[in-house]
Amino acid sequence: MKKILATGGTGYIGSHTVVELIQAGYEVEIIDNLFNSKATVIDKIEKITGVRPKFYEADLLDEEKLDQIFAEAKYDAVLHFAGLKAVGESVEKPLDYYRNNIMSTVNLLEAMKKYGTHEFIFSSSATVYGEQEQPECVETMETGRSITNPYGRTKYFIEEIIKDYAIADKDFKAITLRYFNPIGAHSSGLIGEDPNGIPNNLMPIIMRVSDGRIPELQVFGDDYPTADGTCRRDYIHVVDLAKGHVAALEHMKNGVQIFNLGTGQPTSVKEMIKAFNEASGKELPYKIVGRRAGDLAEMWANADKANEVLGWKTELTIADAMRDTINYLNHEKEEHGE
Ligand code: NAD
Ligand code: UFG
């Protein structure tokens, strides 16, 4: 049985992937500094899978601690989810983003080299494509050129670091996964997206509007050149995304492989509101406001490469994601006695 380290494994995408990995028979350990997640996620993972993953509360910037952890455990592969991800905040605090995201990756690669771990999967983002002439993104397109924020640039720089490292270390096997827009929650309702602080992304905001923590959703622009005027994105259920990592682990080979993980289908903001209303049986209050700086009218994944090479494709729908999000919200309310 392969032994896996999941950095950022108590976070949103990490926790769902840890569940799928355990259910696929992998032994998983987690490092997270709990900056944007809670230690109780470990209990939830145990409740879902019946297995309690070993958890290290540690910061990847702490090289000594990382060395101790690697010295103790012989990992076969590292899945690197840990990172800061708030686009707006990255503009305010670029050095925090460069230090945290880039230095932690370099520290990890050094620990892997020292202790003979050769397999690496990196959580990249569709943001590396920036603005393209066509909205359907293919892995062969040029990246990095028109990224508008430091967060996005950390993803691009790390992708390049991984490529350089793979040239130097012939045993290194890396997969870069470019996620599109992850949404939804585990069907158990036990884990989901639960960011600390004020959210920036559409679904966490919809969740907060639906339970009254935010009065209404502001829709950023309805004058885009799309059918209903609102932006279109490729929303992927987080459980499908998590399964993409299991598929990737089964297809590691020397060098770097890059895959988009998305559905291949765009959905507009208005369509998202409609889907949420259908799942909840309520009307989400919203208001059309001005465009948000840096937003692209539309972008979605060409997922052919992941479909063909990894034998993976998405199975869940937007309606499934909405149902699972509402179920998760209800579980959270019950847990907190509301
Ligand atoms: P998340 O914030 O829920 O999870 C990231 C985890 O990393 C958190 O639990 C945080 O505490 C931890 N972390 C951050 N810095 C750390 C450090 N120095 N040491 C140890 N732990 C640290 O985010 P997520 O949505 O699960 O995203 C996971 C990864 O996927 C991130 O790298 C993110 O940039 C990338 N990604 C996310 C999205 C998205 O929309 N959610 C889209 C594309 C890419
Ligand atoms: N939106 C609103 N109102 C809100 C929040 C979002 O109308 O309050 C709209 C946005 O304008 C956009 C869509 O909802 O059209 C999705 O917005 P998100 O912020 O959820 O997602 P983005 O596609 O803008 O950003 C995501 C990731 C980033 C990544 C980017 C590019 O969250 O990390 O994709 O790939 F950089």
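Reading guide: rules and limits
Every chain begins its residue count from 1, and numbering advances along the sequence as written. Each chain takes a letter, starting from A, and each ligand takes a number, starting from 1, following the order in which they are written. Residues qualify for local features only when their pLDDT is at least 70, as the model is predicted, and side-chain atom pairs are given and counted only at 80 or more; totals for whole chains, interfaces and linings, by contrast, use all residues. Computation of side-chain values covers all heavy atoms of the structure but excludes hydrogens and water. Each residue is assigned to one of three classes by its accessible area relative to the maximum for its type, calculated with a 1.4 Å probe on protein chains only: buried under 20%, partly exposed between the two thresholds, exposed over 50%. Strands here mean DSSP runs of E at least two residues long; helices mean DSSP runs of H or I at least four residues long; both are numbered from the N terminus. Between two residues, a contact is recorded if the distance between any of their heavy atoms is within 4.5 Å. A single heavy atom is enough: if one lies within 4 Å of a molecule or strand, its residue is considered near that molecule or strand. Any pair of N or O atoms that falls within 3.5 Å is considered a polar contact. Within protein, one atom must be able to donate a hydrogen and the other to accept it, and sequence-neighbouring residues count only if both atoms are side-chain atoms. Here the Shrake-Rupley method, with its probe set to 1.4 Å, supplies the accessible areas, and only the displayed protein chains count as covering residues. To define a nonpolar core, start from buried Ala, Val, Leu, Ile, Met, Phe, Trp, Tyr and Cys residues and group those joined through side-chain atoms within 4.5 Å.

### Thoughts on helix 7 (residues 202-210)
And step 1. In terms of burial, helix 7 is a largely internal element, eight of the nine residues being buried.
And step 2. Listing the buried residues of helix 7 in full gives Leu202, Met203, Pro204, Ile205, Ile206, Met207, Arg208 and Val209.
And step 3. Buried residues along helix 7 sit against strand 8 (181-183), strand 9 (217-220), strand 11 (235-237), helix 9 (269-280) and helix 11 (318-335).
And step 4. The positive-phi residue at the C-terminal boundary of helix 7 is glycine 212, with phi of around 85°.

### A few points about the site of ligand 2
And step 1. Near ligand 2 you find 19 residues, and of these Asn201, Leu202, Gln218, Arg233 and Asp295 are the closest.
And step 2. Here asparagine 201 contributes a side-chain N or O atom positioned 2.7 Å from an oxygen atom of ligand 2.
And step 3. One of the side-chain N or O atoms of arginine 292 is found 2.8 Å from an oxygen atom in ligand 2.
And step 4. Here ligand 2 has 690 Å² of accessible area as a free molecule, and 89% of this is covered by the chains.
And step 5. Every element with two or more residues in the shell around ligand 2 is listed here: helix 7 and strand 9.

### Comments concerning the nonpolar core
And step 1. In this structure, Leu21, Ile121, Leu177, Leu249 and Leu261 are the most contacted members of the largest nonpolar core, which totals 38 residues.
And step 2. No other element matches helix 8 (residues 238-249), which puts seven residues into this core.
And step 3. When near neighbours in sequence (up to four residues on either side) are disregarded, leucine 261 contacts Leu177, Arg178, Tyr179, Phe180, Ile236, Leu241, Gly244, His245, Ala306 and Trp312.
And step 4. Counting 24 residues, the second-largest nonpolar core is a separate cluster that includes Ile31, Phe120, Ala166 and Phe172.

Shape descriptors only; they carry no functional weight alone.
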